[in-house]
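Descriptive analysis of the structure
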Amino acid sequence: MIGSGTLTKTLANYFARVDFNALDNDALRVTKEHILYTLGTVLAGSSAPGAQEALAGARAFGAGQESTVLPCGEKLPAPAAALVNASMAHSRELDINDDRIAYKSSVAAIPAALALAEKLGGVSGKDFIAAVCVGVDFGIRLGLAGNPKPVHAQAIALGPLAAAVACGKILGLDEAGMANALGIAYCRVSFTGNSTVSPSLTKRLGIGFAAQSGVLAALLASVGFPGAGELFQGKGGYFNFFYNRDGDYEVITDQLGKRFEIVEVGPKPYPSCRYTHPAVTGVLSLLKKHSIRCDDVDEVRVQIGERDMRSVGGWTDEDKQKKYRPEGIVDAQFSIPYTVAATLVQGRLSLAEFTDEKLRSEEILNLARRVKTILNPELDHWPLDVKPQLLEIVTRDGKSYSERIDYPKGNPKNPVTSAELVESFRAMAQYSAKPLALTKIDDAID
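Residues numbered from 1 in each chain as written. Predicted model: local features only at pLDDT ≥ 70, side-chain atom pairs only at ≥ 80, totals over all residues. Heavy atoms only, no water.

1. Concerning the overall build of the chain
As a reminder of what qualifies: To qualify as a helix, a DSSP run of H or I must reach at least 4 residues; to qualify as a strand, a run of E must reach at least 2; elements of each kind are numbered from the N terminus. In this setup the radius of gyration rests on C-alpha atoms only. A globule is expected at 2.2 Å times the number of residues raised to 0.38. Summary of the burial criterion: residues with accessible area below 20% of their type's maximum are buried, those above 50% are exposed, and those between are partly exposed, where the area comes from a 1.4 Å probe applied to protein chains only. Contacts were defined at the residue level, with two residues in contact if any of their heavy atoms lie within 4.5 Å. Calculation of accessible area relied on Shrake-Rupley with a 1.4 Å probe; when residues are assessed, cover is drawn exclusively from the protein chains displayed. Two residue types count as positive, namely Lys and Arg, and two as negative, namely Asp and Glu; His and chain ends fall outside the count. We put the charge of a Lys on NZ, of an Arg on CZ, of an Asp on CG and of a Glu on CD.
A tally of helices and strands in the chain yields 20 helices and eight strands. Taking 446 residues into account, the globule formula puts the C-alpha radius of gyration at 22 Å, and the chain, at 22 Å, falls close to it. For the chain, with 446 residues in total, the buried portion stands at 57%. A separation of at least 24 residues holds for 76% of the contacts in the chain among residues at least 6 apart in sequence. Here the chain has roughly 17800 Å² of accessible surface; of this, 52% comes from carbon and sulfur atoms. Counting 48 positive and 51 negative side-chain charges, the chain places the averaged centre of each group 1 Å from the other.

Printed below as a string of structure tokens:
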């Protein structure tokens, strides 16, 4: 039981003490996979809309030979490099997602830790891996502790704190320093500006701000800037301030340092909103099991809950129009009709399906018109943030093929294998704004 007003002190003490030796084999393996996969999302995002503008804007922070913006090689002050790299990492909707709470668990902490480690130099691989694992684990635990459940835990709300812990570990902060880093990062927590409607790209930029905040918080703490006292408990604490109720504080400390939540989180295999993934997973499963040609499809029916209908199904007539005929890539990424149709046409859902050319493909758009989203409120009762969906494909000859998807591909119960993750990294690297030699890609994997 955590006493009132002592949680921050307990956590700061733990963060200062924990090291690489605490990681078991699963935590070590998954942390390495998160690092590699996140590097891949940065490379893929480097050619996405908004990436060059983010870099141009970050130059306003000044020149500095501290940390590299991937993959162009330009160096900026560490907080600025973290901002750009994290924004790019989130740009393709491929970043690692926790299906329990919707938290993008690594996209802020890893670019922040990477930028700061490069600035310092001499950081060992073991220390870097431990810093990432502990920071990501903390962010997930904070999300799991929220109420009411299941919490939709935004990365711009958890990322600054997770990144601050990872960066604090990189700097080797003591207990007081860790407490100060958390207090400073708390000043940068946000729940706003997370737009998912074209042409806005602020959803991407918010992740960059989270990573930048973690670097700044740790650096300020390292020179003795004082943070607040208790951050999480009490009326003014994180949970009451943002959720209007106490958090489940024991969830944050349960088996702390012995069990790492990072092992319960997997990568997103498709570059779209996670709420489209159950339907896409179902399409690919049915295509594998049956000889279904997209020309033979008369209608696709996707049963979804109200939450999914509002976000990716089309709640109003205006919303539905953007789902059936996306005005931009962000609209397509948040559309069940588009993602299902593109998967049926191409037999996959990859970055190649989210180009201006594909968004104008009449073959995909005509099929999208035949994808019907059907409200099934019972699906909202699922205890995880990512809800089940029921998919039915009806062919012109009257045959029907259906499947219920509880755990979309990428969930630990339907995992992306290590081999598939490596192949995903190779595929993402092909979208790098600066072409990379195959030997460099192999070196990164090694």
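Resuming the write-up.
2. A word on the environment of A113
Within the secondary structure, A113 is located in helix α5 (residues 109-120). Taking the relative accessible area as the measure of exposure, A113 reaches 0% and is therefore buried. A113 sits 30 residues away from L83 along the chain, and the two C-alpha atoms are 12 Å apart. Apart from residues no more than four positions distant in its own chain, A113 is found in contact with F128, V132, A166, C167 and I170.

3. Side note on the packing of aromatic side chains
Let me state the cut-off plainly: Aromatic pairs are defined between Phe, Tyr and Trp rings, using the six-membered ring for Trp, whenever the two ring centres lie within 6.5 Å; interplanar angles under 30 degrees are classed as stacked, those over 60 as edge-to-face, and all others as tilted. Should the NZ of a Lys or the CZ of an Arg lie within 6 Å of a ring centre and within 35 degrees of the ring normal, that charge is described as sitting over the ring.
Taken as a whole and judged by the stated rule, the model has 13 aromatic pairs. Both rings, one in Y186 and one in Y238, keep their centres 6.3 Å apart while their planes meet at 50 degrees; by these two values the pair is tilted. Here Y186 is found in helix α8 (residues 175-186), whereas its partner Y238 is found in helix α10 (residues 238-243), with 52 residues between them in sequence. For the residue pair Y186 and Y238, the accessibility class agrees, reading buried in each case. What links up through ring pairs into an aromatic cluster is the set Y186, Y238, F239, F241, F242, Y243 and Y249. R310 extends its terminal NZ or CZ atom over the ring of W315, reaching a point 3.9 Å from the ring centre.

4. A few points about the pattern of salt bridges
Our working definition: A pair is scored as a salt bridge if a Lys or Arg side-chain nitrogen falls within 4 Å of a carboxyl oxygen belonging to Asp or Glu.
Across all of its chains, the model carries 31 salt bridges by this definition. One salt bridge in this structure joins R293 and D296, with 3.3 Å as the shortest N-O distance. One continuous salt-bridge network, built from bridges that share partners, spans D98, R100, D254, R259 and E261.

5. Considerations on the nonpolar core
Applicable threshold: Nonpolar cores were defined as sets of buried Ala, Val, Leu, Ile, Met, Phe, Trp, Tyr and Cys residues, with membership established by side-chain atoms within 4.5 Å.
Counting residues in each nonpolar core, the largest one holds 104 residues, and the members touching the most others are F15, F138, L161, F232, Y238 and F239. Contact partners of F15, with chain neighbours within four places excluded, come to V134, F138, V165, K169, M178 and L182. In this structure, V302, Y338, V340 and L359 belong to the second largest nonpolar core, which totals 40 residues.

6. Details of helix α19 (residues 418-429)
Because the α-helix completes a turn every 3.6 residues, residues three or four places apart line up on one side. Short version of the rule: Here the expected length of a helix is defined as 1.5 Å per residue gap, with one fewer gap than residues. In this context, the arc is that of the directions from the helix axis out to the C-beta atoms.
With 12 residues, α19 should cover 16 Å at 1.5 Å per step; its first-to-last C-alpha distance of 17 Å lies within 8% of that length. Burial in α19 covers these residues: L421, F425, M428 and A429. Projected onto a plane normal to the axis of α19, the buried residues spread over an arc of 100 degrees and lie on a single side. Residues of α19 that are buried in the fold lie against α2 (25-45) and α20 (438-445).

7. Digging into the sheet that holds strand β7 (residues 389-395)
Keep this limit in mind: At least two DSSP bridges between two strands are required for those strands to pair. Note on definitions: angles span 0 to 180 degrees between N-to-C directions of axes, and those axes are lines fitted to C-alpha atoms, for helices only across the stretch in contact.
Taken together, the four strands give an open sheet; going across it, the order is β6-β5-β7-β8, and neighbouring strands pair in mixed fashion. Sheet topology places β6 (371-375) and β8 (400-405) at the edges, where each strand pairs with a single neighbour. Between one strand axis and the next, the sheet turns through 15 degrees on average, direction left out of account. Inspection of the sheet shows strand β5 (residues 297-304) paired to β6 by five bridges, in the parallel sense. The residue of β6 that forms the bridge with V300 is V371. Against the sheet, helix α12 (residues 277-289) makes contact with β5, β7 and β8, and its axis sits at roughly 135 degrees relative to β8, the strand it touches most.

8. Remarks on the packing of α8 against helix α9 (residues 202-222)
Applicable threshold: Throughout this description, any angle smaller than 35 degrees is read as roughly parallel, any larger than 145 degrees as roughly antiparallel, any in the 65 to 115 degree range as roughly perpendicular, and the remainder as oblique. We call a crossing left-handed when the near helix sits turned anticlockwise from the far one by less than a right angle, and right-handed when that turn is clockwise.
Running from amino to carboxyl end, α8 crosses α9 at an angle of 140 degrees, the nearest separation of the two axes being 8 Å. If you check the angle between α8 and α9, you find them oblique. Of the two elements, α8 crosses α9, and the hand of that crossing is right-handed. Of the residues in α9, those in contact with G177, N180, A181, I184 and A185 of α8 are A217, A218, L220 and A221.

9. Remarks on helix α16 (residues 336-346)
Test applied: Distance and chemistry together define a polar contact, namely a pair of N or O atoms within 3.5 Å, with one atom able to donate a hydrogen and the other to accept it when in protein, and with adjacent residues in sequence counting only for side-chain atoms on both sides.
Burial of α16 is extensive: 10 of the 11 residues sit out of reach of the surface. Within the span of α16, buried status applies to I336, P337, Y338, T339, V340, A341, A342, T343, L344 and V345. N-capping of α16 is provided by S335, with a side-chain oxygen placed 3.0 Å from the backbone N of Y338. G347 sits one or two positions beyond α16 and adopts a positive phi of about 75 degrees.

10. Regarding the side chain of Q233
With respect to the secondary-structure elements, Q233 resides in the loop between α9 and α10. Polar side-chain contacts of Q233 include one of 3.1 Å to the backbone nitrogen of T6. Within the structure, Q233 has its side chain in polar contact with the backbone nitrogen of L7 (distance 3.1 Å).

11. Some words on the environment of Q52
Note on placement: Q52 falls in helix α3 (residues 51-58). In this structure, the C-alpha to C-alpha distance between Q52 and A433, residues 381 residues apart in sequence, is 9.6 Å.

12. Some points on the environment of P326
Inspection of the secondary structure assignment puts P326 in the loop between α14 (317-324) and α15 (329-333). Among the residues examined, P326 registers a relative accessible area of 8% and is labelled buried. In sequence terms P326 and Y338 are 12 residues apart; their C-alpha atoms lie 7.8 Å from each other. If sequence neighbours within four positions are ignored, P326 has contacts with D331, A332, Y338, L359 and L365.

Everything listed here is a matter of geometry and, on its own, says nothing about what the molecule does.
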